[in-house]
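# Structural overview
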Amino acid sequence: MAVPKTILHADGLKRCPWPKDDPFYVAYHDHEWGVPEWDDRALFEKLILDGFQAGLSWITILRKRDNFRKAFDDFEPAKIARYTPKKVEKLMQDAGIVRNRAKIEGAILSARCYLKIMESGPGFSAMLWDHVGGKPIDTKLRAGQKPAAETAVSKAMSKQLIGHGFKFVGPTIVYAFMQAVGMVNDHEVTCWCHAECNKLAAQHGKKKKR
């Protein structure tokens with residue numbers, strides 16, 4: 001089956017095909033997906049949300065993201081790490097999120113693992129970005145080319161996270177995470193965001209050298 005190619009939108013910009021014409025999804029595509037993220041807490045939030053996505057579509061999670069943030073204390077790891085069984089039961093009654101006990105309990109365990117990493121090493125962000133040499137991998141995805149589902153790098157990152165005790169961090173979930181936080185630039189080369197994400201990565205690189 002043919003893979004959809006870059007779409008020309010009414011505003012004159014070419015975009016990856018997956019957000020289609022959904023304004024909510026287009027905004028996410030334009031301003032978040034593939035934009036390099038180096039903040040520790042923000043990376044933790046995205047990884048946890050990707051874990052909740054397992055078996056579901058990302059747009060489902062994205063539409064519930066504000067509810068997740070409210071339910072999970074804005075994804076502050078120190079708070080999540082202290083969640084009690086009573087809190088888990090409260091979350092299981094929250095219709096605004098994905099009520100999956102294994103994923104909720106997995107988020108708590110992952111928060112505890114995150115805190116250990118922050119206390120004993122170079123930090124969560126540094127640990128993850130080290131897998132790509134500290135800068136995004138530009139896959140130079142051609143229009144209509146299907147992106148990877150997982151890579152050797154996502155497998156290595158997954159193995160490391162699992163080794164630290166994180167839950168719901170298989171290679172496919174981790175690669176989706178890497179795409180979203182700009183560790184890989186998987187915008188099609190004909191999408192206007194491809195060059196923009198590369199530009200942001202280059203600007204970050206220059207700041208680090210100063």
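Parameters and conventions
- Residues numbered from 1 in each chain as written.
- Predicted model: local features only at pLDDT ≥ 70, side-chain atom pairs only at ≥ 80, totals over all residues.
- Heavy atoms only, no water.
- Axes fitted to C-alpha atoms, helices over the stretch in contact; angles between N-to-C directions.
- Helix = DSSP H or I, 4+ residues; strand = E, 2+ residues; numbered from the N terminus.
- Parallel < 35°, antiparallel > 145°, perpendicular 65-115°, else oblique.
- Left-handed = near helix turned anticlockwise from the far one by under 90°.
- Contact = heavy atoms within 4.5 Å.
- Nonpolar A, V, L, I, M, F, W, Y, C, P; charged D, E, K, R; others polar.
- Buried < 20%, exposed > 50% of the residue type's maximum accessible area, 1.4 Å probe, protein only.
- Salt bridge = Lys/Arg side-chain N within 4 Å of Asp/Glu carboxyl O.
- 1 Å grid on protein atoms, 1.4 Å probe; cavity = no way out; pocket = protein on both sides within 12 Å on 5 of 7 lines; lining within 4 Å.
- Points joined across faces, edges and corners; volume = space filled by probe spheres on them.

Before going further, it helps to spend a moment on the packing of helix α5 (residues 85–92) against helix α6 (residues 101–120). Direction vectors running N to C along α5 and α6 enclose 135°, while the axes themselves pass 10 Å from each other. Between α5 and α6, the interaxial angle falls into the category oblique. Crossing of α5 against α6: the hand is right-handed. Residue-level contacts link Val88, Glu89, Leu91 and Met92 of α5 to Arg101, Ile104, Glu105 and Ile108 of α6. A breakdown of the residues in the contact of α5 with α6 according to their chemical character gives five nonpolar, no polar and three charged.

In this section: helix α9 (residues 171–180). It helps to recall that an α-helix has 3.6 residues per turn; residues three or four apart then point in one direction. Among the ten residues that make up α9, seven are buried, leaving the element largely enclosed by the rest of the structure. Among all positions in α9, only Ile173, Val174, Tyr175, Phe177, Met178, Gln179 and Ala180 are buried. If you follow the buried residues of α9, they end up packed against α1 (23–31), α2 (40–53), α7 (124–129), α8 (152–164) and β4 (184–185). Backbone geometry just after α9 places Gly182 at a positive phi near 75°.

Where charged atoms from two side chains of opposite charge approach closely, those side chains can pair. The final tally for this structure, using the stated rule, is twelve salt bridges. With a closest N to O distance of 2.8 Å, Arg69 and Glu45 form a salt bridge. Taken as a pair, Arg69 in helix α3 (residues 58–71) and Glu45 in helix α2 lie far apart in primary sequence, 24 residues in all. In this structure, the salt-bridge partner of Lys140 is Asp138, at a minimum N-O distance of 3.8 Å. Assessed through its relative accessible area of 53%, Lys140 is described here as exposed. Asp138 sits in the partly exposed class, given a relative accessible area of 22%.

With that settled, consider unusual backbone geometry. The backbone of Lys20 sits at a positive phi, close to 50°, despite the residue not being glycine. As for its position among the elements, Lys20 is in the loop between β2 (14–15) and α1. The exposed category is assigned to Lys20, whose relative accessible area is 57%. In the Ramachandran plot, Phe168 falls in the positive-phi region, its phi being about 55° despite a non-glycine side chain. Inspection of the secondary structure puts Phe168 in the loop between α8 and α9. Taking the relative accessible area as the measure of exposure, Phe168 reaches 33% and is therefore partly exposed.

Moving on to empty space enclosed by the protein. To find the voids left in a structure, one rolls a probe of water-molecule size over its atoms. For the structure shown, the criterion picks out one cavity of 30 Å³ or more. Elements that contribute at least two residues to the lining of the largest cavity include exactly α2 and α6. In terms of residues, the lining of the largest cavity owes the most to one element, α2, which gives four residues. Counted by class, the lining of the largest cavity contains six nonpolar, two polar and two charged residues.

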